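# Notes for the structure review
Residues per chain are reported as follows:
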Amino acid sequence: MGAVAFLSGTTGTCGCENEEKEAGANPGYFCPHKAPNLAYFRGMIYRFLDGLGHYFRFLGEVFHKPEHGREYLKSFFREIELLGFSSIALVAFISVFMGAVLTIQTAINLDDPFVPDSYIAIAVREGIVLEFAPTIVSLILAGKVGSNIASTLGTMRVTEQMDALRVMGINPASYLVLPKLFACLLFNPILIVFSMALGLVGGYYAGDLLNLVNTEVFLSGYFIEFNPFYIVYSLTKATVFAFIIATVSAYFGYNVEGGAVEVGKASTKSVVAMSFTIILFNYILTDLLLQ
Amino acid sequence: MIQVRGIHKSFGEQHVLRGIDVDFHEGQCNLIIGLSGSGKTVFLKSVLGLHALDQGTISFDGRVLGEMGKKEVKALRQEMGMVFQGSALFNSLTIAENVRLPLDFFASMTEAEKDERVRFCLERVRIEPDSFSKTPAELSGGMQKRVAIARAIVLNPKYLFCDEPNSGLDPETAIVIDQLIHEITHEFGMTTVINTHDMNSVLEIGDHVILMENGIKAWEGTMEEVLDSDDSAVVDYVFRSNLFKKLRAALKKA
């Protein structure tokens, strides 16, 4: 009986007025008073697909052919400064310490006279190049750059700045998002390469300062059997993650309705959505490129 | 002239505009008054084409908004200027850049001509040149409104729309803004449509006044007719305050 009720979506009907009010207007609505059942999961899938459809329609607006390239170019250089250069210090700090921690952990775990220090360097190098620099740094940039994009666009929405652009005959989605997207696509891979280099430097100095490794052997390990394709793999991930960061955060910011509280909520939601998407695409790309 | 015929607009179950017919003539300040929630802002945004209509037509000198192609709509937009309630200036740009933006997109002018036009518009709304390089956050509310007016008129529009241009301003600044809009409207022969709650604006610059109530046009007339009218809608809205009751009594006595 319970299983039938679950599948038909009738378990735990609370009959509260919210449920009645929302039923007609919002087909994906599920009253939070009810115990999760099939209707709940149906609603979740409905909302997800609805959101995905809106996201792709939004991308259609963003990729509308720009008619005044010069203005977009000016905006692009402003965004490079705002989204790219301002992240350098944060990425540098994180990368140096990430490399250092990786060396310490690997050296402690491989503390064996039969394991040469070059092996520790190889593990650190692969960890940084394959995963830490492209994925972890992108997740951090999703928090910094993504929330910046979402809150900037959200504020522009609630203060009618987007309406002002539309009245002028300017497509706000394209004019506001396209320069941000291209700034991220250009600068994210640069930041990732920068992060790799600093991560390796941080790893080397941590090993040296704490006397965990023989520095000469360790340094030579960075160059042993290096597969250049790993750089391609890493930069491919960085580019895809940059696209996710720019478009997902812009989507949440662009569609804010309400006031300052909703701008904050949209910013938080965008960071959660970006993190999920980056982790998911990290798996997909690793499976596709490294298998 | 802007002709509005039988426009309806709903948001879900909420029927906001319920069939409005009105003409806005050029060289006039057309004021729309009404209580909060009467549909003034939705009406203004519908006329601007920011809300798609459920029913009805809006034509700009014979050009029907819903029947125009994308290029024609774009060309029409360049004939429109809008002053938003919160000014809607772009925070990342300076005052001069804000005013210059429509020129950068749509004007075929040299850089020097653009600079000259920006300077002219900002000086016309009495912004001093030493403020040109400031950002909107560094200006007072009244100055922000004046910059918004300068941006709205920079392309020399035929139609100017203002959504509550006096909200949040002190009475003196509000009068300055009213006079500025009135002067510009007559100077450039624009068709100006203003949403307002400010009864002082009605009596200062209301060449044509429309009273909205629950999504319909409840009354229309001139500013002189507002004071003479015995229409219940006007009496209920305009003469609620003691000041206006006394003013009306004094005028009737005179």
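What you are looking at is a predicted structure, and each value in this text was computed from that prediction instead of being measured.

Scanning chain B for helices and strands turns up 10 helices and 10 strands. Relative to the compact-globule value of 18 Å for 254 residues, chain B shows a C-alpha radius of gyration of 19 Å, a close match. The principal-axis extent of the C-alpha atoms belonging to chain B is close to 55 × 45 × 30 Å. Counting the 254 residues in chain B, one finds 39% classified as buried.

What follows concerns the sheet that holds strand β7 (residues 159–163) of chain B. Two pairing modes exist for strands in a sheet, parallel and antiparallel, and in both the strands are linked by backbone hydrogen bonds. Residue and element names in this part refer to chain B. Taken together, the six strands give an open sheet; going across it, the order is β6-β7-β8-β3-β9-β10, and neighbouring strands pair in mixed fashion. Where the open sheet ends on each side, the last strands, each with one partner, are β6 (80–83) and β10 (216–221). In this sheet, neighbouring strand axes are inclined to one another by 20 degrees on average, regardless of whether the strands run parallel or antiparallel. Sheet analysis places β6 next to β7, joined by four bridges and oriented parallel. By the bridge assignment for β7, G81 is matched with L160.

With that settled, consider the pairing of strand β1 (residues 2–11) of chain B. Residue and element names in this part refer to chain B. Pairing geometry for β1 and strand β2 (residues 14–24), over eight bridges, is antiparallel. Among the inter-strand pairings, I2 is bridged to a residue of β2, identified as F24. Counting the residues in the hairpin turn of β1 and β2 gives two residues, including G12, whose phi is positive at 65 degrees. With five bridges joining them, β1 and strand β4 (residues 55–60) adopt antiparallel strand pairing. Following the sheet pairing, R5 is matched in β4 by T57.

Counting 127 residues, the largest nonpolar core has C184 and I245 of chain A together with M82, V99, A150 and F161 of chain B as its most contacted members. Examining the composition of this core, we find that 16 residues originate from one element, helix α6 (residues 117–158) of chain A, more than from any other. For A150 of chain B, the contacting residues outside a window of four places in its chain are V99, C121, L122, R124, V125 and I127 of chain B.

Below, the discussion takes up helix α5 (residues 88–109) of chain A. Residues and elements named next belong to chain A. In this model, α5 (22 residues) spans 31 Å end to end at C-alpha, consistent with the 32 Å of a helix rising 1.5 Å per residue. Within α5, burial applies to V91, I94, S95, M98, G99, A100, L102, T103, T106 and A107. Buried residues along α5 sit in contact with α6 and α8 (172–209).

Once that is clear, we can look at the confidence of the model for chain A. Averaged over every residue, the pLDDT of chain A is 88; the share at 70 or more is 88%. For chain A, per-element mean pLDDT is lowest for helix α1 (residues 2–8) of chain A, which scores 50, and highest for helix α10 (residues 229–254) of chain A, which scores 96.

So, on to the environment of S167 of chain B. By the secondary structure assignment, S167 of chain B is in the loop between β7 and α6 (171–188). Measuring from C-alpha to C-alpha, the distance between S167 of chain B and L101 of chain B comes to 25 Å, with 66 residues separating the pair along the chain.

For any two helices packed against each other, one specifies the crossing angle of their axes together with the interaxial distance. All names here are of chain A. α8 packs onto helix α4 (residues 69–84) with a crossing angle of 55 degrees between their chain directions and a minimal axis gap of 8 Å. By the criterion of interaxial angle, the relationship of α4 to α8 is oblique. Seen from above, α4 lies across α8 with right-handed handedness. On the side of α4, the interface is formed by Y72, S75, F76, E79, I80, L83 and G84, while α8 contributes Y175, L178, P179, K180, F182, A183, C184 and F187. Class assignment of the residues belonging to the contact of α4 with α8 gives a composition of 11 nonpolar, two polar and two charged.

Another point: the interface of chain A and chain B. Each side of the interface is counted separately: chain A has 14 residues, and chain B has 16 residues. Where the side of chain A that touches chain B is concerned, the elements lending two or more residues are α4 and α7 (161–168) of chain A. The element that contributes the greatest number of residues to the side of chain A that touches chain B is α7 of chain A, accounting for six residues. Of the residues that constitute the side of chain A that touches chain B, the class distribution is five nonpolar, four polar and five charged.

For chain B, the average pLDDT comes to 89, and 100% of its residues sit at 70 or higher. In the predicted complex, the global pTM is 0.83; the interface-specific ipTM is 0.85.

Let us look at the sheet that holds strand β5 (residues 63–64) of chain B. All names here are of chain B. In space, the four strands of this open sheet follow the order β2-β1-β4-β5, with antiparallel pairing throughout. Looking at which strands have only one partner, the edges of the open sheet turn out to be β2 and β5. As defined by bridge partners, β4 adjoins β5 across two bridges and the pair is classed as antiparallel. By the bridge assignment for β5, S59 is matched with V64.

Right, let's get into the domain arrangement of chain B. All names here are of chain B. With domains assigned, chain B is organised as domain 1 (1–79 + 159–172 + 190–254) and domain 2 (86–156). Spacing between the C-alpha centres of domain 1 and domain 2 amounts to 26 Å. Every contact between the two is made by five residues of domain 1 and, on the other side, seven residues of domain 2. Residue classes in the side of domain 1 that touches domain 2 are distributed as three nonpolar, two polar and no charged.

Conventions and cut-offs
- Residues numbered from 1 in each chain as written.
- Chains lettered and ligands numbered in written order.
- Predicted model: local features only at pLDDT ≥ 70, side-chain atom pairs only at ≥ 80, totals over all residues.
- Helix = DSSP H or I, 4+ residues; strand = E, 2+ residues; numbered from the N terminus.
- Rg over C-alpha atoms; globule rule 2.2 N^0.38 Å.
- Buried ≥ 20, exposed ≤ 12 C-beta atoms within 10 Å, placed from the backbone.
- Pairing = 2+ DSSP bridges.
- Axes fitted to C-alpha atoms, helices over the stretch in contact; angles between N-to-C directions.
- Core = buried A, V, L, I, M, F, W, Y, C linked by C-beta atoms within 7 Å.
- Contact = placed C-beta atoms within 7 Å.
- Expected span 1.5 Å × (residues − 1).
- pLDDT = per-residue confidence, 0-100.
- Parallel < 35°, antiparallel > 145°, perpendicular 65-115°, else oblique.
- Left-handed = near helix turned anticlockwise from the far one by under 90°.
- Nonpolar A, V, L, I, M, F, W, Y, C, P; charged D, E, K, R; others polar.
- Domains from an automatic or database assignment.

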